[in-house]
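# Coordinate inspection notes
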Amino acid sequence: MKGQHQKTVRALLGSVREYKKPSLLCPVFVVLEVLMEDLVPGVMGLMIDKGMSGGSIGYILKIGAVLLVMSMMALVFGILAGTNAARASAGMARNLRKDMFHHIQEFSFSNIDRFSPSSLVTRLTTDITNVQNAYQMVIRIAIRGPIMLCFALIMAMGISRELSTIFFIVLPILAAGLFYIVIKAHPYFEAVFKRYDVLNRVVQENLNAIRVVKAYVREPYEIEKFRHISQEVFYQFKYAEKIVAWNSPLMQFCMYNCILLVSGLGARLIVGSRMTTGELTSMIIYAVQILSSLMMLSMVFVMVIMARSSAERIVEVLDEKSSLADPEH
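What counts and what doesn't
Residues numbered from 1 in each chain as written. Predicted model: local features only at pLDDT ≥ 70, side-chain atom pairs only at ≥ 80, totals over all residues. Heavy atoms only, no water. Helix = DSSP H or I, 4+ residues; strand = E, 2+ residues; numbered from the N terminus. Rg over C-alpha atoms; globule rule 2.2 N^0.38 Å. Buried < 20%, exposed > 50% of the residue type's maximum accessible area, 1.4 Å probe, protein only. Contact = heavy atoms within 4.5 Å. Lys, Arg positive; Asp, Glu negative; His and termini not counted. Charge placed at Lys NZ, Arg CZ, Asp CG, Glu CD. pLDDT = per-residue confidence, 0-100. Core = buried A, V, L, I, M, F, W, Y, C linked by side-chain atoms within 4.5 Å.

### Looking at the overall build of the protein
Counting its secondary structure elements, the protein contains ten helices and zero strands. Across the protein, helices and strands are ordered from the amino to the carboxyl terminus as α-α-α-α-α-α-α-α-α-α. The C-alpha radius of gyration computed for the protein amounts to 26 Å, which surpasses the reference 20 Å derived for 329 residues by more than 25%, pointing to a less compact arrangement than a globule. With respect to the principal axes defined by its C-alpha atoms, the protein has extents near 85 × 45 × 35 Å. Within the protein, the fraction of its 329 residues that count as buried is 40%. Counting only contacts in the protein whose residues sit at least 6 apart along the sequence, the fraction spanning at least 24 positions is 87%. Placing the 33 positive and 25 negative side-chain charges of the protein at their respective mean positions leaves the two points 4 Å apart.

This is the structure in structure tokens:
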């Protein structure tokens, strides 16, 4: 199974080709963007402790200017990361669609019958779009999430190791919940794309034989056939989305409880003069960043779940060998 996944990834990455540069530039800009964002809470803590508490207007203005520059840099790096991610994913999808189309042109009738024309249409459109969206999220969000998580944890531990233990308690609970969602949702997404093939086939057959359908007054039969397969697609998607919908409440539950624990324990540390108000403010922001990074990763997981089945179906077409052979001379 692991070898099959690696083969699928290698086959898809082979379509990146001339878009390797934006694919590599995107993570670089993401790292710089995250670095700026993670330095902002620490600088804000200094401004609260030394500027506002001390009543130094000059210090506040100086730190405010630094924050403004850092925010602008984060904005610029974010725009560059998004632009390169869009260019790389759209280019990869274009190449992948081109590779599939030219490969299908070599198929014999038996190869086409093996997949069915409706299935090939689905793989050239819906499946490639799913892979394109997943690739864009992987080279941007999947890089941003872990890096923000690591940076925020390091900065939080530098402020207070005692409060940082809260994160190490919450993170395994959240990770286990996300893993359960991924495992349970994947079979439903895998099944729904097979029903998509049938849905496309029903529509294609009805359009190709529209004159016969009208001549023999078969409209009620065709409508019922379409309604039946459409209902199957609806139910498969409903069950899949029901499982994935647990992602948001799980994230919010962990995030709000984490903020409450940090605020409660941090207030006691401030009373005991073991923490300043600025440090507690920074800790709360880092808590939000840590859990937000996990929310980003959960979004990537959901997209990858959907794209995994699509990727396997695409590679299945690319690996198909035509039964047509050149005659021996």
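Once you've had a look at it, read on.
### Things to note about the confidence of the model for the protein
Predicted confidence across the protein gives a mean pLDDT of 83, with 95% of residues reaching 70 or more. In the model of the protein, helix H1 (residues 2–13) stands out as the element of lowest mean pLDDT, 72, in contrast to helix H3 (residues 57–105), which has the highest, 90.

### Points about the environment of Phe77
Here Phe77 lies in helix H3. The exposure class of Phe77 is buried, given its relative accessible area of 17%. Each C-alpha atom, one on Phe77 and one on Gly91, is 21 Å from the other, the two residues being 14 residues apart in sequence. Leave out the neighbours within four places in its chain, and Phe77 touches Phe29, Leu32, Glu33 and Met36.

### Remarks on the nonpolar core
Judged by nonpolar contacts, the single largest core of 53 residues is most densely connected at Leu12, Leu96, Ile128, Val131, Phe189, Ile314 and Val317. Mapped onto this core, the elements with two or more residues apiece are helix H2 (20–52), H3, helix H5 (117–159), helix H6 (161–208), helix H8 (219–244) and helix H10 (277–318). Considering every element that reaches this core, the biggest residue donor is H3, with 13 residues. With near-sequence residues (within four places) excluded, Val317 lies in contact with Met100, His103, Ile104, Phe107, Phe115, Leu120 and Arg123.

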